[in-house]
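Observations on the model geometry
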Protein chains: 2
Amino acid sequence: MKIVIIGAVAAGTSAAAKARRNNEDAQIKIYEMDSDISYSACGLPYFVGGKIETLEELVPRNPAFFKSKYNVDILTSHQVLNINSNDKKIEVKNLLTSEVFTDSYDKLIISTGAKPITPQIQGIDKKNVFMLRNVRSADLIKTYINKQNPQKAIVIGSGFIGLELVENLKALGIEVAVVEMEDHLMRPLDCDVSMYLKDILLKNGVEVYLNEMVTELAGDEYTNKAVLKSGAVLDTDMVVVAAGVGPNVELAKKAGIEIGTTGAIKVNNRMETNIKDIYACGDCAESFSIVTGKPCYRPLGSTANKTGRIAGDQATGENLEFRGILGTSIFKIFDYTVAQAGLSEREAVNEGYGISVCHNIKPDKPEYFHGEEMLIKAVADKDSGKLLGVQIIGKSGVDKRVDVFATAITFGAKVQDLFHLDLAYAPPFSTTKDPVMYTGMILTNDLERGRKLITSDELDYRIENNESITIIDARAAKQYEQSHVEGAVNLPHEILRENTDSIDKDNMIVTYCNKGVTGNAAQNILINKGFNKVYNLSGGHKNYFKTKDI
Amino acid sequence: MKIVIIGAVAAGTSAAAKARRNNEDAQIKIYEMDSDISYSACGLPYFVGGKIETLEELVPRNPAFFKSKYNVDILTSHQVLNINSNDKKIEVKNLLTSEVFTDSYDKLIISTGAKPITPQIQGIDKKNVFMLRNVRSADLIKTYINKQNPQKAIVIGSGFIGLELVENLKALGIEVAVVEMEDHLMRPLDCDVSMYLKDILLKNGVEVYLNEMVTELAGDEYTNKAVLKSGAVLDTDMVVVAAGVGPNVELAKKAGIEIGTTGAIKVNNRMETNIKDIYACGDCAESFSIVTGKPCYRPLGSTANKTGRIAGDQATGENLEFRGILGTSIFKIFDYTVAQAGLSEREAVNEGYGISVCHNIKPDKPEYFHGEEMLIKAVADKDSGKLLGVQIIGKSGVDKRVDVFATAITFGAKVQDLFHLDLAYAPPFSTTKDPVMYTGMILTNDLERGRKLITSDELDYRIENNESITIIDARAAKQYEQSHVEGAVNLPHEILRENTDSIDKDNMIVTYCNKGVTGNAAQNILINKGFNKVYNLSGGHKNYFKTKDI
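The text that follows walks through the structure, step by step, so that each part is easy to find. Note that the structure is a prediction, hence the values are computed from the model and not measured.

Points about the overall build of chain A
- The number of helices and strands found in chain A is 18 helices and 30 strands.
- The C-alpha atoms of chain A give 26 Å as radius of gyration, which agrees with the globular expectation for 550 residues (24 Å, within 12%).
- If one aligns the C-alpha atoms of chain A with their principal axes, the spans along those axes are about 90 × 55 × 45 Å.
- A sequence separation of at least 24 residues applies to 64% of the contacts in chain A between residues at least 6 apart.
- In chain A, 63 side chains carry a positive charge and 72 a negative one; their mean positions are 3 Å apart.

Remarks on the packing of aromatic side chains
- Under the definition given, this model contains 23 aromatic pairs over all chains.
- Summarising the aromatic geometry, the rings of Phe288(A) and Phe322(A) are spaced 5.6 Å apart at their centres and angled 80 degrees between planes, so their arrangement reads as edge-to-face. A residue pair is termed long-range when its members are at least 10 positions apart, and Phe288(A) in strand β19 (residues 287-288) and Phe322(A) in the loop between α9 (301-315) and β21 (329-333) qualify at 34 residues.
- Relative to Tyr46(B), the ring of Phe369(A) has its centre 4.9 Å away and its plane inclined at 85 degrees; by these criteria the two rings are edge-to-face. On the criterion of chain membership, the pair formed by Phe369(A) in the loop between β23 (355-363) and β24 (373-381) and Tyr46(B) in helix α2 (residues 44-49) is interchain, its members lying in two chains. By the burial criterion, Phe369(A) is buried, and Tyr46(B) matches it.
- An aromatic cluster is defined as three or more aromatic residues linked by ring pairs; in this entry it consists of Tyr46(A), Tyr368(B) and Phe369(B).
- Just above the ring of Phe419(A) sits the side chain of Arg309(B); from NZ or CZ to the centre is 4.6 Å.
- Geometry around Phe531(B) places Lys505(B) over its ring, the cationic atom sitting 5.2 Å from the centre.

Some points on the sheet that holds strand β14 (residues 223-228) of chain B
Residue and element names in this part refer to chain B.
- Taken together, the three strands give an open sheet; going across it, the order is β13-β14-β15, and neighbouring strands pair in antiparallel fashion. Lying at the two open borders of the sheet, with one neighbouring strand each, are β13 (214-219) and β15 (233-235). On average, adjacent strands in this sheet sit at an angle of 25 degrees to one another, irrespective of strand direction.
- The pairing of β14 with β15 spans three bridges and is classified as antiparallel. In the sheet register, Ala226 faces β15, and the bridge partner there is Leu234.

Side note on the packing of helix α11 (residues 398-410) of chain A against helix α13 (residues 435-448) of chain A
Residue and element names in this part refer to chain A.
- Contact geometry of α11 with α13 gives a least axis separation of 10 Å together with a crossing angle of 50 degrees. Comparing their axes, α13 and α11 come out oblique. Across the interface between the two elements, Arg401, Val404 and Phe405 of α11 pack against Pro435, Val436 and Thr439 of α13.

Description of the state of the cysteines
- If you walk through the whole model with that rule in mind, you get zero disulfides over all chains.
- Cys42(A) carries a free sulfur, and the closest cysteine sulfur to it, the one in Cys281(A), is 16 Å from it.
- Under the relative-accessibility criterion, Cys42(A) is labelled partly exposed at 24%.
- As a non-bridged cysteine, Cys513(B) has Cys358(B) as the owner of its nearest cysteine sulfur, 14 Å distant.
- In this structure Cys513(B) comes out as buried when scored by relative accessible area, which is 4%.

Reading guide: rules and limits
- Residues numbered from 1 in each chain as written.
- Chains lettered and ligands numbered in written order.
- Predicted model: local features only at pLDDT ≥ 70, side-chain atom pairs only at ≥ 80, totals over all residues.
- Heavy atoms only, no water.
- Helix = DSSP H or I, 4+ residues; strand = E, 2+ residues; numbered from the N terminus.
- Rg over C-alpha atoms; globule rule 2.2 N^0.38 Å.
- Contact = heavy atoms within 4.5 Å.
- Lys, Arg positive; Asp, Glu negative; His and termini not counted.
- Charge placed at Lys NZ, Arg CZ, Asp CG, Glu CD.
- Phe/Tyr/Trp six-rings, centres within 6.5 Å; stacked < 30°, edge-to-face > 60°.
- Buried < 20%, exposed > 50% of the residue type's maximum accessible area, 1.4 Å probe, protein only.
- Lys NZ or Arg CZ within 6 Å of the ring centre and 35° of its normal.
- Pairing = 2+ DSSP bridges.
- Axes fitted to C-alpha atoms, helices over the stretch in contact; angles between N-to-C directions.
- Parallel < 35°, antiparallel > 145°, perpendicular 65-115°, else oblique.
- Disulfide = S-S within 2.5 Å.

Put into structure tokens, the structure is as follows:
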């Protein structure tokens, strides 16, 4: 029994380790093009920023480790050129000697990973234009920074790597501009959540260019000016291209392996491709959504480890099966954390769900324990009550909430279930009712209790269409005077009970406060007094004005 | 419609607020014996320690707030003396004027809370012996400390309040001794987990007395010596009794309301007592376990808020129902966090489950991001594979993991499900495979894959019974030389593959390493080579020696 694995980063080494744990006798061999193996690609931005001091910390394991620990042979600087699935043979090139030879396999696992997307930019080949794709490229960037002491940098793209680089370059005292072709940062986020992210970048002195592209990187050997689509010109001392990644499937394609609709290698739940005894896993393989059941491509280290382990288990005759993903992801940006799991509002609408949406702004801990506010945008299916997805931004405790939501969604949780969770409460860790529970309560009130929510976008849309709406600002007069939604009347919660006579009972009413709680209280009073069409503005004044362009 | 509520701390005020949200017309009135309402009892230890500076931070709401915000009347310093459920009347005493009067109700909600258990100790009434039960008593303790500058304190009991006080008194520079009558700290924990807690206290300079009781507090007006059951005498400048709490049910009992097996008021899922139109909620009411379905009593702020809200909803004709608890709890102790959800090993055994137990020691983040180790002890049902409970101790990220486990257990998760969770990974927040997932993998390997675990307790028991066991220390020779399990032979993982001939194939074999991973690797090699009775020591050398008395 001979298992050959192509690629020795996250998925490939996971597959090898699992295969060995299951089977002591199999011969297990990995071919890796790169000189490094099993490194933490997710740690690379932090090496650039100096938070991680040496590359050794990111590459704790070498082929000798795998040999002694797992009896696995890893050949680095070896490129697999061709797969001949009829003969179960592969053609391999030693990149150091250029020697080409043939090897055979009983089971073949393809874990060729992802490759960065290279945008068409004139001058992209200049010496101070980088991509962060592996250990070597991180070292190049770090060396350039150390030697050339750049003052200004441009990051092209605002995915995880791009934004983590922004933070890490800023940490080195470099002025940073982000150029993003979409209309909002971090594409998987909804626009209204992404506005919070933009605000964070701006407040940390980062320049943000949306709906923009770099068309030319001017200069001689080194670029010193970036020309944008709009005609704007940015001075710069270095550029990092982080325009996303795509699955590395050339080798698989050549071998006749089926590619899925997402462009990644199509696999079943056993990580099998369409060709017998050939598996694919990690960033080159297609995944599927736990929520929709449909194929998706979200290349993440967590999924690569998981699918690698499954491929290794299956290749040794065992039965572990892949159950899909929520695309759960998280990143740190300055003193904030941004996380997501499941469907965004945009995705849910595109999938045809009738949805309920809430923007829940709550502290992660009591005020007296210096709780920090977080925004939880949650999307639920109106028909089933099932939670479809969440997006969270805050300074503290975001990672906990997204993992609780991800777990709940995986088990098919309805919004009604969240209030009932018995989550751990003590003042240093949470509020008595956790923000997760409040999210469920707000959505349940919308779905079952006639306490309808309206999003900022929908309110604006209705205002623009000249619908007749009574907008009630339930905050204190002072707050109202400082700023309020256009056309709103001020009826503070405390006096609302006694002052409902003047309000037209048949008109659509929208209540709001700072963040939503008192808006809901005002809504309750009106509904209990017989008003019929009362909506509470989701996320209140705070969220409404955050989602205006800043 | 008139709703009367007895008690205005967590449950009572939650009930009132929810009732008002549902119903604008009902008259809602709360009688409260104390002078303070709606305070955070869980924050009181931190007021003592100075982390919370003013009592106002803990008591953010007063009756005027409830009047203006919810149109709820709260009468403080009013004790309800009797309930006459036939006439739907109550007898109330104004504690300030001693006036006694009668009031009526349509719906009555009892939220009389818990009361501290007072141990029989000679001298317990001395002036420097305190209980921490409410805002006033916290103030008394704080004032005493400020004025008398005590150097030494004794805390009797090691529940949440007791241990949080230990930390907070130490923070003030006071030497602290804990006296606990049980054989381990924090009764709900298993002994082997509680040993980690004891270690934390000792390392922070706290004296710990187990299996001990204070029999006498000697001195004149003030005690200066505590005499223990063993005869030991401890000098002290103050004593705080934190010997646990029991449900405050005298009033309910007198009214003929049924008390459950736990001693708390028996309620159904609608928080109804056996008497029509009388509800109970919060720390005076019985709860039930989500895992076993059986009644339990775990007075916690999170549950009080939840059951209060449900009572308020039901009293206004709505349909929210209680779904039980996992007894999820958490506390901070020095730089550690200790948390628990579901059944302990002891509880699971008492309930008659055949169980699988693992001690999973893992960092919460990658090493290069300064990950801190945590211990996760998890208990699963052998028959169904369902996770029954977890206990976690660590410096960072414990609150996240316990909430994920609590959510998973609530949805009936099997240990096999945990690996498949799509949890949020990025280096500042987690490892690629989260400790939660590893816990599932370890237990699945035990339950399904023939990779049996053995606990330290069971190994010791078998050694004591002179069973023939080959114990293999798979660590490096240097580590073995420093310390090893008695009778173990050293066969480092790296050379084990080539050195299995000398091992008796029919003997029981126990492998171990530092924490379990390499022990499992050694186990895999032996099993794959045809050895039959191979066990991996749960939690390895580290856990084995932690559970020895320290």
